[in-house]
Amino acid sequence: MTVNVGYLDKRAGKGFFPIQNPETEIWYPCNPDSVWRYASRALSGENTKIKTRFMEDWIADRRIRFPPNEKVVVWSSKEELLSAIRVGDVPKSGRSPMLREELPDLDFWVGKKVGFGTPRFKRYKKDLRSPTQPLSSWITPRSEIDTIEAGVNAIVSGTNDEGAKVIKDVFGEKAFNYAKPVSLIRELIRQSTGLADIVLDFFAGSATTAQAVMELNAEDGGDRRFIMVSSTERTEAEPDKNLCRDVTAGRIRGLNRTDDGKYAELSAGFAYLVTREIDFSDLDYDLTPQEVWSALEAIHGLSLTVYDETLPFNAHDSDDVTLVFSDRPDERLRGYIESLGPGQSTFVYVWAPGALRDWTLGEATEVRSVHDTLKQRFQQ
Ligand SMILES: C[S@@+](CC[C@H](N)C(=O)[O-])C[C@H]1O[C@@H](n2cnc3c(N)ncnc32)[C@H](O)[C@@H]1O
């Protein structure tokens with residue numbers, strides 16, 4: 001039910017607020033690092049229109065599953081709440097506490113029943129889009145939209161002029177020739193994907209496909225992800241040219257940043273990565289810690305972060321898993337992983353797992369070899 005946007009981010013809109021189970025009257029905090037996907041009507045105002053539905057409507061329709069048999073507490077004073085925050089005895093997302101001293105309206109949580117479980121969104125199978133809806137193969141130009149017969153599932157598309165206009169909006173200039181119309185790609189993706197699919201475009205050019213995915217997600221609340229691949233188009237005459245960085249990734253950055261009302265709802269966290277070929281025999285010598293870290297984060301389905309080489313190890317916490325990588329052996333890593341609680345499943349990646357043989361590890365902690373993992377994953 002959340003999107004990966006912090007509550008102070010302007011894209012969070014009216015998505016940061018507590019919700020209540022109307023049956024048990026238990027309250028649930030919003031994760032300050034990932035706000036609710038659905039805005040609150042009370043916060044937005046009665047007259048606001050949104051593309052999906054308000055959280056209040058989903059709750060009233062019983063589309064939110066509140067956790068049964070969870071821990072519930074009532075803090076009878078602000079002091080009691082603050083000391084619970086200080087010892088970390090508050091609802092958490094993964095390891096990160098959802099109630100923090102610096103948050104606004106902390107008083108709200110005093111004297112109320114507060115649940116430690118996670119509310120979830122219910123999706124019914126019957127509402128899932130079939131991945132193979134029958135479709136008319138005829139693409140109707142927008143100017144002929146009146147000619148579509150009732151009941152026919154037809155694709156309506158703009159023309160290349162539409163593609164060119166969006167490029168001008170985002171870059172302020174004609175940064176790419178013959179960009180496809182977003183509407184065409186968007187309708188093709190609408191027909192062929194489910195809400196959580198990954199859309200791959202191996203010749204992404206100006207990243208029309210990325211914008212189409214962002215538009216569809218904004219429209220139907222989907223979680224589709226995209227992978228855009230494109231070449232630099234570098235030549236001897238233009239050795240610094242990097243079309244992929246400047247145009248493909250540039251368009252996605254531009255759409256994230258723009259205040260232009262037409263694109264204001266579009267957002268997509270993404271990483272710009274450069275591939276390079278490397279021999280398996282050279283892995284241990286040639287890979288930078290950042291490259292290892294990005295690969296491991298991707299393998300575990302985590303968002304990509306910057307590896308801080310000044311630390312003895314880096315750790316990435318998520319709701320489901322904690323990822324740890326240490327580029328060189330260090331006693332501080334031992335202190336950290338021996339102090340981990342039994343609950344959260346943790347994968348510790350090191351180059352030489354044998355060196356950790358005598359360490360006492362919790363049941364949910366697993367030590368893995370970087371070399372073997374990457375080799376297994378990437379070997380053809
Ligand atoms: C026709 S354009 C794609 C246009 C795109 N549909 C749009 O609307 O912007 C094809 C793109 O593929 C890129 N390309 C060509 N060869 C490639 C390769 N081997 N790998 C990745 N990208 C490549 C080109 O640089 C060009 O930007």
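Residues numbered from 1 in each chain as written. Predicted model: local features only at pLDDT ≥ 70, side-chain atom pairs only at ≥ 80, totals over all residues. Heavy atoms only, no water.

Asker: Which residues make up the site of the ligand, and what values go with them?
Answerer: Taken together, 13 residues surround the ligand, and among them Lys180, Ser206, Thr208, Ser231 and Glu233 come closest. A distance of 2.9 Å separates an oxygen atom of the ligand from a polar backbone atom of Lys180. At a separation of 3.2 Å, a nitrogen atom of the ligand approaches a polar backbone atom of Ser231. Out of a free accessible area of 610 Å², the ligand has 67% covered by protein chains. Along the lines of polarity and charge, the residues of the shell around the ligand split into six nonpolar, five polar and two charged. (Near = heavy atom within 4 Å. Polar contact = N/O pair within 3.5 Å; in protein donor to acceptor, adjacent residues only side chain to side chain. Areas by Shrake-Rupley, 256 points an atom, 1.4 Å probe, with all protein chains shown as cover. Nonpolar A, V, L, I, M, F, W, Y, C, P; charged D, E, K, R; others polar.)

Asker: Could you give an account of the environment of Pro353, with specific residues and numbers?
Answerer: Among the structural elements, Pro353 can be located in the loop between β15 (345-350) and β16 (365-369). We classify Pro353 as partly exposed; its relative accessible area is 30%. Sequence separation between Pro353 and Leu283 is 70 residues; the distance between their C-alpha atoms is 16 Å. If sequence neighbours within four positions are ignored, Pro353 has contacts with Val367, Arg368 and Ser369. (Helix = DSSP H or I, 4+ residues; strand = E, 2+ residues; numbered from the N terminus. Buried < 20%, exposed > 50% of the residue type's maximum accessible area, 1.4 Å probe, protein only. Contact = heavy atoms within 4.5 Å.)

Asker: Give me the pattern of salt bridges: which residues, what numbers.
Answerer: In this structure the tally under the stated criterion is 26 salt bridges. Arg86 is paired through a salt bridge with Glu101; the nearest N and O atoms lie 3.2 Å apart. A residue pair is termed long-range when its members are at least 10 positions apart, and Arg86 in helix α3 (residues 78-87) and Glu101 in the loop between β6 (96-97) and β7 (113-115) qualify at 15 residues. With a relative accessible area of 55%, Arg86 lands in the exposed category. The network of salt bridges with common partners includes Arg186, Glu187, Arg190, Glu215 and Glu219. (Salt bridge = Lys/Arg side-chain N within 4 Å of Asp/Glu carboxyl O.)

Asker: Give a detailed account of the packing of aromatic side chains, specifying residues and quantitative values.
Answerer: Under the counting rule described, the total for this entry stands at ten aromatic pairs. A centroid spacing of 4.7 Å and a plane angle of 35 degrees characterise the contact between Phe313 and Tyr336, whose relative ring orientation is tilted. Linking Phe313 in the loop between α9 (289-299) and β13 (314-317) with Tyr336 in helix α10 (residues 331-338), this pair joins segments that are 23 residues apart in sequence. A connected cluster of aromatic rings, assembled from ring pairs, spans Trp27, Phe108 and Trp109. The ring of Trp58 has Arg53 lying over it, and the distance from NZ or CZ to the ring centre is 4.8 Å. (Phe/Tyr/Trp six-rings, centres within 6.5 Å; stacked < 30°, edge-to-face > 60°. Lys NZ or Arg CZ within 6 Å of the ring centre and 35° of its normal.)

Asker: Before we move on, could you go through helix α11 (residues 370-378) and cite the residues and values that matter?
Answerer: Taken as a whole, α11 has its buried residues at Val370, His371, Thr373 and Leu374. Summarising the contacts, the buried residues of α11 are in contact with α8 (283-286), α9, β14 (321-326), β15 and β16.

Asker: Quick rundown of helix α7 (residues 243-257)? Include the residues and the values.
Answerer: The principal kink in α7, of about 45 degrees, is found at Gly250. The buried count for α7 comes to eleven of 15 residues, which makes it a mostly enclosed element. Among the residues of α7, those classed as buried are Leu243, Cys244, Val247, Thr248, Ala249, Gly250, Arg251, Ile252, Gly254, Leu255 and Asn256. (Bend = angle between axes of the 7 residues up to and from the residue.)

Asker: Outline the sheet that holds β15, supporting the account with residue identities and numerical values.
Answerer: In spatial order, the strands read β13-β14-β15-β16; together these four strands make up an open sheet with mixed pairing. In this open sheet, the two strands that pair with only one neighbour each are β13 and β16. Strand-to-strand twist across the sheet, computed as the mean angle between neighbouring axes with direction ignored, equals 20 degrees. The sheet contact formed by β15 and β16 spans five bridges and is parallel. Bridging across to β16, Tyr349 finds its partner in Arg368. Across the sheet, α9 touches β13, β14 and β15, and the angle it forms with β14 is around 160 degrees. Packing against the sheet, α11 makes contact with β14, β15 and β16, and its axis sits at approximately 75 degrees to β16. (Pairing = 2+ DSSP bridges. Axes fitted to C-alpha atoms, helices over the stretch in contact; angles between N-to-C directions.)

Taken by themselves, the reported measurements are silent on function.
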